[in-house]
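Close look at the chain arrangement
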Amino acid sequence: MEERRVRLWQLFIWGRSALSALFLLVLYAINGFARPPRLEPVFAVAALQCLAPIPYLYFLKRKTTSLLGVIAFSLEIVLITLLILSFGNDGYVFLLAYLWPLIMAGWFLGQKT
């Protein structure tokens, strides 16, 4: 059972790393590989998201998956909050678009997850 948990965490960490890097690359590509001053906070949070797997890998290496779950949950909340705040006045739209499907999936799946 523990080996299965570690494998699932590995998939999460590498998948999250790939998607974070893709998000940063898309931000650069959309803006013509320049960083407009008004989007500096978004680029900073995107770069910070690329560094997020470092503590995940540390706790995974120590095989403390329970603590890793708490750390991952907490760090993801902080990163998403920073991303929403970096969007300024329109951040609430991102909040609804990002969190609504997660809330509904959690509600429908319930304790099975």
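The structure this text deals with has already been given above.
Residues numbered from 1 in each chain as written. Predicted model: local features only at pLDDT ≥ 70, side-chain atom pairs only at ≥ 80, totals over all residues. Heavy atoms only, no water.

**Points about the packing of helix H3 (residues 53-61) against helix H4 (residues 65-86)**
At a minimum axis distance of 9 Å, the contact between H3 and H4 shows a crossing angle of 170°. Between H3 and H4, the interaxial angle falls into the category roughly antiparallel. Within the contact between the two elements, H3 uses Pro 55, Tyr 56, Phe 59 and Leu 60 and H4 uses Leu 67, Leu 68, Ile 71, Ala 72, Leu 75 and Glu 76. (Axes fitted to C-alpha atoms, helices over the stretch in contact; angles between N-to-C directions. Helix = DSSP H or I, 4+ residues; strand = E, 2+ residues; numbered from the N terminus. Parallel < 35°, antiparallel > 145°, perpendicular 65-115°, else oblique. Contact = heavy atoms within 4.5 Å.)

**Details of the packing of helix H1 (residues 2-30) against helix H2 (residues 40-51)**
Orientation of H1 relative to H2, taken along the N-to-C sense of each, is 155°, at an axis distance of 8 Å. In terms of axis orientation, H1 runs roughly antiparallel to H2. The handedness of the crossing between H1 and H2 is left-handed. On H2, the residues that touch Arg 16, Ser 20, Ala 21, Phe 23, Leu 24, Leu 27 and Tyr 28 of H1 are Val 42, Phe 43, Ala 46, Ala 47, Gln 49 and Cys 50. In terms of residue class, the contact of H1 with H2 is built from 10 nonpolar, 2 polar and 1 charged. (Left-handed = near helix turned anticlockwise from the far one by under 90°. Nonpolar A, V, L, I, M, F, W, Y, C, P; charged D, E, K, R; others polar.)

**Some words on the pattern of salt bridges**
Counted by the stated rule, this structure contains 2 salt bridges. For Glu 40, the salt bridge identified is with Arg 35, shortest N-O distance 3.2 Å. Overall, Glu 40 belongs to the partly exposed group, its relative accessible area being 29%. Exposure remark for Arg 35: the relative accessible area of 44% places this residue in the partly exposed category. (Salt bridge = Lys/Arg side-chain N within 4 Å of Asp/Glu carboxyl O. Buried < 20%, exposed > 50% of the residue type's maximum accessible area, 1.4 Å probe, protein only.)

**Examining the side chain of Ser 86**
Checked against the element boundaries, Ser 86 lands in helix H4. A distance of 2.7 Å separates a polar side-chain atom of Ser 86 from the backbone oxygen of Leu 83. Setting aside its immediate chain neighbours within four residues, Ser 86 contacts Pro 41, Val 42 and Val 45. (Polar contact = N/O pair within 3.5 Å; in protein donor to acceptor, adjacent residues only side chain to side chain.)

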